[in-house]
Amino acid sequence: MEEIRGVPTWQEELASLVDAGLRYDGAPIDLTAATKRSGFVSADGSGSEPKETLKDQVTGFMKSWGEMLLELAKGCKDIVQQTVVTDDSFLVRKLRKPAAKVSKKLSFLNEFLPEDRDPIHAWPVIFFVFLLALAALSFSPENDRPVTVITKLRLHPTGATRVELPDGRYIAYQEQGVSAERARYSLVMPHSFLSSRLAGIPGVKKSLLVEYGVRLVSYDLPGFGESDPHRGRNLSSSASDMINLAAAIGIDEKFWLLGYSTGSIHTWAGMKYFPEKIAGAAMVAPVINPYEPSMVKEEVVKTWEQWLTKRKFMYFLARRFPILLPFFYRRSFLSGNLDQLDQWMALSLGEKDKLLIQDPTFQEVYQRNVEESVRQGITKPFVEEAVLQVSNWGFTLSEFRSEKKCATNGVLSWLMSMYSEAECELIGFRKPIHIWQGMEDRVAPPSMSDYISRMIPEATVHKIPNEGHFSFFYFCDECHRQIFYALFGEPKGQLERVKETKDTLVETEAHKDT
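Reading the values: the criteria
Residues numbered from 1 in each chain as written. Predicted model: local features only at pLDDT ≥ 70, side-chain atom pairs only at ≥ 80, totals over all residues. Heavy atoms only, no water. Axes fitted to C-alpha atoms, helices over the stretch in contact; angles between N-to-C directions. Helix = DSSP H or I, 4+ residues; strand = E, 2+ residues; numbered from the N terminus. Parallel < 35°, antiparallel > 145°, perpendicular 65-115°, else oblique. Contact = heavy atoms within 4.5 Å. Nonpolar A, V, L, I, M, F, W, Y, C, P; charged D, E, K, R; others polar. Expected span 1.5 Å × (residues − 1). Buried < 20%, exposed > 50% of the residue type's maximum accessible area, 1.4 Å probe, protein only. Arc of directions from axis to C-beta. Polar contact = N/O pair within 3.5 Å; in protein donor to acceptor, adjacent residues only side chain to side chain. Salt bridge = Lys/Arg side-chain N within 4 Å of Asp/Glu carboxyl O. Pairing = 2+ DSSP bridges. Phe/Tyr/Trp six-rings, centres within 6.5 Å; stacked < 30°, edge-to-face > 60°. Disulfide = S-S within 2.5 Å.

If you look the protein chain up in an unreviewed UniProt entry, it shows as Alpha/beta hydrolase fold-1 from Arabidopsis suecica.

K.L.:
An account of the packing of helix α9 (residues 297–304) against helix α17 (residues 446–455) is needed here, citing residue identities and associated values.
P.N.:
Relative orientation of the contacting elements α9 and α17 amounts to 150 degrees, with a least axis distance of 8 Å. Overall, the two elements α9 and α17 adopt an arrangement that is roughly antiparallel. Taking contact as the criterion, the partners of Glu299, Lys302 and Thr303 in α9 are, on α17, Ser447, Met448, Asp450, Tyr451 and Arg454. Here the residues of the contact of α9 with α17 sort into two nonpolar, two polar and four charged.

K.L.:
Go over helix α10 (residues 309–320) with me, naming the residues and quoting the values.
P.N.:
With twelve residues, α10 should cover 16 Å at 1.5 Å per step; its first-to-last C-alpha distance of 16 Å lies within 8% of that length. Arg311, Met314, Tyr315, Leu317 and Ala318 are the residues of α10 that are buried. Angularly, the buried residues of α10 cover 160 degrees about the axis, an arc narrow enough to put them on a single face. Contacts from the buried residues of α10 go to α9, α11 (325–329) and α15 (380–390).

K.L.:
Describe helix α7 (residues 235–248), with residues and values.
P.N.:
Under the 1.5 Å per step criterion, the end-to-end length of α7 is 20 Å for 14 residues, consistent within 8% with the ideal 20 Å. Listed as buried for α7 are Leu235, Ser237, Ser238, Ala239, Asp241, Met242, Ile243, Leu245 and Ala246. Put simply, Asn234 is the residue that caps the front of α7, since its side-chain oxygen is 3.1 Å from the backbone nitrogen of Ser236. One or two positions beyond α7, positive phi appears at Gly250, with a value near 85 degrees.

K.L.:
Pulling in residues and values, what's your account of the pattern of salt bridges?
P.N.:
Under the criterion given, the structure shown has 22 salt bridges. Linking Asp167 and Arg169 is a salt bridge whose minimum nitrogen-to-oxygen distance equals 2.7 Å. For Asp167, a relative accessible area of 48% puts it in the partly exposed group. The class for Arg169 is buried, based on a relative accessible area of 11%. Linking Glu384 and Lys380 is a salt bridge whose minimum nitrogen-to-oxygen distance equals 2.3 Å. Remark: Lys380 and Glu384 occur in helix α15; sequence separation between them is four residues, near one turn of the helix. Relative accessible area serves as the criterion here: at 15%, Glu384 is assigned to the buried category. Residue class for Lys380 comes out partly exposed when judged on its relative accessible area of 38%. Here the salt bridges share partners, and the residues they tie into one network are Arg197, Asp220, Glu226, Arg368, Glu372 and Arg375.

K.L.:
How would you summarise the environment of Gln437 if you had to cite specific residues and measurements?
P.N.:
With respect to the helices and strands, Gln437 occurs in strand β11 (residues 433–438). Overall, the relative accessible area of 1% leaves Gln437 in the buried class. Residues Gln437 and Lys463, spaced 26 residues apart in sequence, show a C-alpha to C-alpha distance of 5.0 Å. In contact with Gln437, not counting residues within four places along its chain, are Ala285, Pro286, Ala444, Pro445, Pro446, Ser449, His462, Lys463 and Ile464.

K.L.:
Let's hear about the sheet that holds β11: which residues, and what values?
P.N.:
If you trace the eight strands from one edge of the open sheet to the other, you get β2-β3-β5-β4-β6-β7-β11-β12, paired in mixed fashion. The outermost strands of the open sheet, each flanked by one partner alone, are β2 (161–164) and β12 (460–464). Across the sheet, the mean angle from the axis of one strand to that of its neighbour is 25 degrees, orientation sign disregarded.

K.L.:
Would you mind going over the packing of aromatic side chains in detail, with residue names and values included?
P.N.:
Inspection of every chain in the model, using the stated rule, returns 33 aromatic pairs. For the ring pair Trp256 and Phe488, a centre distance of 5.5 Å and an interplane angle of 85 degrees mean the geometry is edge-to-face. Residue Trp256 is located in strand β6 (residues 255–260), and its partner Phe488 is located in helix α18 (residues 477–488); the two are separated by 232 residues in the primary sequence. Exposure remark for Trp256: the relative accessible area of 10% places this residue in the buried category. Each ring, one from Phe362 and one from Tyr366, has its centre 6.1 Å from the other, and the planes form 15 degrees; the classification is stacked. Linking Phe362 with Tyr366, this pair stays in helix α14 (residues 360–373), spanning four residues, or about one helical turn. Residue Tyr366 is classed as buried on the basis of its relative accessible area, which comes to 12%. Among the aromatic residues, those joined into a ring-pair cluster are Tyr260, Phe362, Tyr366, Phe470, Phe473, Tyr474 and Phe475.

K.L.:
Any chance you could break down the state of the cysteines for me, citing the residues and the numbers?
P.N.:
Counted under the stated rule, the structure contains one disulfide. With its sulfur 2.0 Å from that of its partner, Cys476 forms a disulfide with Cys479. Here the disulfide of Cys476 and Cys479 is right-handed, its torsion about the S-S bond being about 60 degrees. In terms of burial, Cys476 and Cys479 fall into one category: buried.

Laid out in structure tokens, this is it:
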């Protein structure tokens, strides 16, 4: 191979170094010049190697630790896959059946996932994101806002009038209006959720009750206020309690029922199981089962879209996992502290309702009512009440519709029933049913009353524009008068003569004998 002219070979360079006689004569070596000749210069021009800062050291340390943890996690994952989650491992054999039951019970949640997502991979991701969101909310700057003054709930001395029921339990009640002897109408009222006998018709004037001759009786549901709990409460037992109370306090004739909000559930029960004892029913902002299968799609959508996410979640828990409700109740109205009603119950309120709950009179009555409601400090009655609303009631509202029922054993009997009224009978409630619905109500939306009207065409629905869930019923003299006028007509006052009771009859017979 030919050599390139003008360029010395390596042999010639080596020979020139040896011939030059490189020797160290003791003079200091100029490292700077050597460094410059070598082409390595520091950033500051000094020629020294760059120093490693503390930040660089920490960064390197963290990277190293991250790599080590990653490798450790991979190793642990391999160990778990090879020993713990194998088909023949002890843990899998013990947990396979319980896990299958839980998975089957929660399988309905997979309907909310897209079709192309595997639930095994999707739900862990959703759960992890939920935990991250919860942690982010916990450290939100909004938590630094000033804390409002906490109002403590007070425990008041007992003093309610109570009667003993046939099963030995005691039920507390309150009377307003005229006495039993001079009452023209008796009106029995079960209370709503987080309420008590003290609520009655909030703000009703005694003069109005006397003008119509009304004896208003409100009572504590089992476990609320001063009423004893019921071990197996349902809507049938609730209706029995109502009838037994009426008999114990001397209501011998037919009486009217008045249900407000969730108290209407017990009004429906009384109408179902003891229609012969009921003269008629009135309901203000009635609440029905939001899971009622006979509701059409439009009614369902209009009902659920009015509620906040938290309220929807509480309905979901009451229907699917009621065992979790005490956890939330103990951190709200059973915590011993008083909070606004819309905060506790996750209510979305209209403008008139928002103004009303800020009124000092409302707040005073509300606080006293809540204090009485949670007197016993147990979660069981509240859980029962929440579950009753979203469970199967054991009857449908269509059963209250007035219909003609004919005994037909065949085609011939059916043809005869077309022309003979004697073999047919009217079924249904066949008593007055009045419903008042605020059109701005977001707690019991108007769609619920629309459903009731569709199921019971005979029911009279009074639609009140610009009224909410509370504004029509609380401290509204004109509203109370409208209700009484619709139920009883023109006021006739209380009875002038004393009703004959068993005692007066005995005294009359004794006078006749003498």
